[in-house]
Amino acid sequence: MNPKVLIAGAGPVGLTLAIELARFGIPVRIFDKAPAPTDKSKAVAVWARTLELFDRAGLAEPLVAAGVKVKAANIIAGTTKIARVAFDGVDTDYAYALMIPQYDTERILDTHLRSLGVTVERGVELARLVDTGTGARASVTRADGTSEDIEADWLVGCDGAHSFVRHGLGMAFDGDTIPAEFILADLRISGDGPPVEELVSHWHEKGVVIFLPLPGNRLRLLANMEASTGAEAPEPTLAEVQAIIDERTPGGLVASDPVWMARFRINERKVADFRSGRVFLAGDAAHIHSPAGGQGMNTGMQDAFNLAWKLALVCRGEAHEQVLASYSSERGAVAETVIKESGRLTKVAMLSGHFEQAARNFIARHLFGLRSVRSAAAGILSELAIAYDGGPLNGGHARGLNGPLPGHRLSPRGRDLIGAGPTPRFALFADESSAASAAIIERHANLLEGAVRPAVAAGGIWLVRPDGYVAMSASAGDWRSVGDYLDGLTGNEPIARGAEPAHSLPA
């Protein structure tokens, strides 16, 4: 039996997409050209919004158990603490950054995917792909020399920055390379080192050095340095790492026992469209950016969460294909913001020159002295502030309602999880049930949960997507607007939109 969806690439993004589709009952195959999962720590930060979305599949708990909770981020210049952003005030059950090596993240996801009856096909390489107009045909080759043509309704390229799928589609990967070189080292630090539960960034006239806690009493070090000469950059040495630590920190720290060291350059690139016909791109195949803020893997996994419920509804025949048009516009805007913000943070940290650094430190110290700035920074880093303003799936919203706008996250705290279970369903929130609400639930049983939930705030109705973002709101009793929106998901009519609100406050 041919799969409905074929996934190229079994890193964190591909595994996330496969898990979501499989739990929604969509036949899926996933393959990767690597013969085995990675044994490198690679991307280590999993942020609160990603954990909230994993919670729907029962995966947040095992991920948290395997990682280290980082509860604040610090910026230090010399011996002066310029800023401290704590995460304990953000509106989530996951008020921290989870530091977990990528090999553990992949192991946990792969184990869960197997429990859903899907096994990653390894040592399988994509040789050719064709969009047939009604599906996608992939020609793959295996390490043993055999080959296969696979037919699927849809194909998703989660195959990384050097994506064969992207190249096969002829998509431009526009952007720039930051003119600097960076080193990474996972090692032990002795002495009066950084707090074990906090991220520390040291700003110095020679560059930046960042410490991130890892499981096993290790730290991840990131630092910029002058570009090396020659065609291939040599792997950093422990002596080189120690010299950077001695130069850019207050001193007294000794590095030892490195398990992985690497040298790299930062690219900031993005495709213009995450979709081409029957083929989608997700994760690094669609966008790459600075590791500042640790947003990269999370952005890719949230691509997968966004696409999965839409693909599932279309594959199940429960929503019109127009729903899929929202994927690129929603996630492309997020990727654009991540590229700009992470690049800006990297360039600010790398500022050289006495005057520039003094001005930067002065401004940063005073800005982060404001509670509102620290709160906004925590929301951005945790990715709870991500919203799909202006997205094509945003419906109307009633004036004067207190609560999140269409395209904004509804906090899951204190609520049963939205989007959990074997089917992607929208959730209705209202003051009370009625004959009108019962009629809508009956008419759209394939899209809606079977009962109305308690109202987000008095006097309104909220329709919330399976990924926890608000689809629309209406005044109490305006069930017709809700029905019109849902009719738009299943037919060819555009989604109904309402007037701009007079005001709206977070739920």
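This text follows the structure it describes.
Bear in mind that the values here come from a model prediction, so they are computed numbers and not experimental data.

J.: In this structure, what is going on with the overall build of the chain? I would like to understand it.
T.: The helix and strand tally for the chain stands at twelve helices and 26 strands. A compact globule built from 507 residues would reach a C-alpha radius of gyration of about 23 Å, and the chain, at 24 Å, matches this within 12%. Structurally, the chain occupies a C-alpha span of about 70 × 60 × 35 Å along its principal axes. When each of the 507 residues of the chain is scored for burial, the buried share is 54%. Across the chain, the fraction of contacts at a sequence separation of at least 24, relative to all contacts at a separation of at least 6, is 73%. Of the accessible surface of the chain, which amounts to about 21000 Å², a share of 53% is contributed by carbon and sulfur atoms. For the chain, the distance from the average position of its 50 positive side-chain charges to the average position of its 59 negative side-chain charges is 2 Å.

J.: Looking at this structure, I do not really get the environment of Val200. What am I missing?
T.: Counting through the fold element by element, Val200 comes out in strand S15 (residues 198–204). Among the residues examined, Val200 registers a relative accessible area of 4% and is labelled buried.

J.: Sorry if this is basic, but what is going on with the pattern of salt bridges here?
T.: Close approach of charged atoms allows side chains with opposite charge to pair. Here the structure, examined in full by the defined rule, presents 38 salt bridges. Salt-bridge contacts for Arg265 lead to Glu181; the nearest nitrogen and oxygen are separated by 3.5 Å. Linking Arg265 in the loop between strand S18 (254–264) and strand S19 (267–270) with Glu181 in strand S14 (residues 181–190), this pair joins segments that are 84 residues apart in sequence. Using a relative accessible area of 45% as the deciding quantity, one classes Arg265 as partly exposed. Accessibility expressed as a relative area gives 2% for Glu181, which makes it buried. Between Lys347 and Glu268 there is a salt bridge whose closest N-O contact spans 3.6 Å. Here the residue Lys347 occupies a position in helix H8 (residues 325–349), and Glu268 occupies one in strand S19, the gap between them amounting to 79 residues. Under the relative-accessibility criterion, Lys347 is labelled partly exposed at 45%. Of the residues examined, Glu268 reaches a relative accessible area of 12% and is grouped as buried.

J.: Is there a simple way to explain unusual backbone geometry in this structure?
T.: Outside of glycine, negative phi angles account for most residues, and trans bonds account for most peptide bonds. Even without glycine at this site, Asp257 takes up a positive phi of about 50 degrees. Counting through the fold element by element, Asp257 comes out in strand S18.

Rules and cut-offs
Residues numbered from 1 in each chain as written. Predicted model: local features only at pLDDT ≥ 70, side-chain atom pairs only at ≥ 80, totals over all residues. Heavy atoms only, no water. Helix = DSSP H or I, 4+ residues; strand = E, 2+ residues; numbered from the N terminus. Rg over C-alpha atoms; globule rule 2.2 N^0.38 Å. Buried < 20%, exposed > 50% of the residue type's maximum accessible area, 1.4 Å probe, protein only. Contact = heavy atoms within 4.5 Å. Areas by Shrake-Rupley, 256 points an atom, 1.4 Å probe, with all protein chains shown as cover. Lys, Arg positive; Asp, Glu negative; His and termini not counted. Charge placed at Lys NZ, Arg CZ, Asp CG, Glu CD. Salt bridge = Lys/Arg side-chain N within 4 Å of Asp/Glu carboxyl O.

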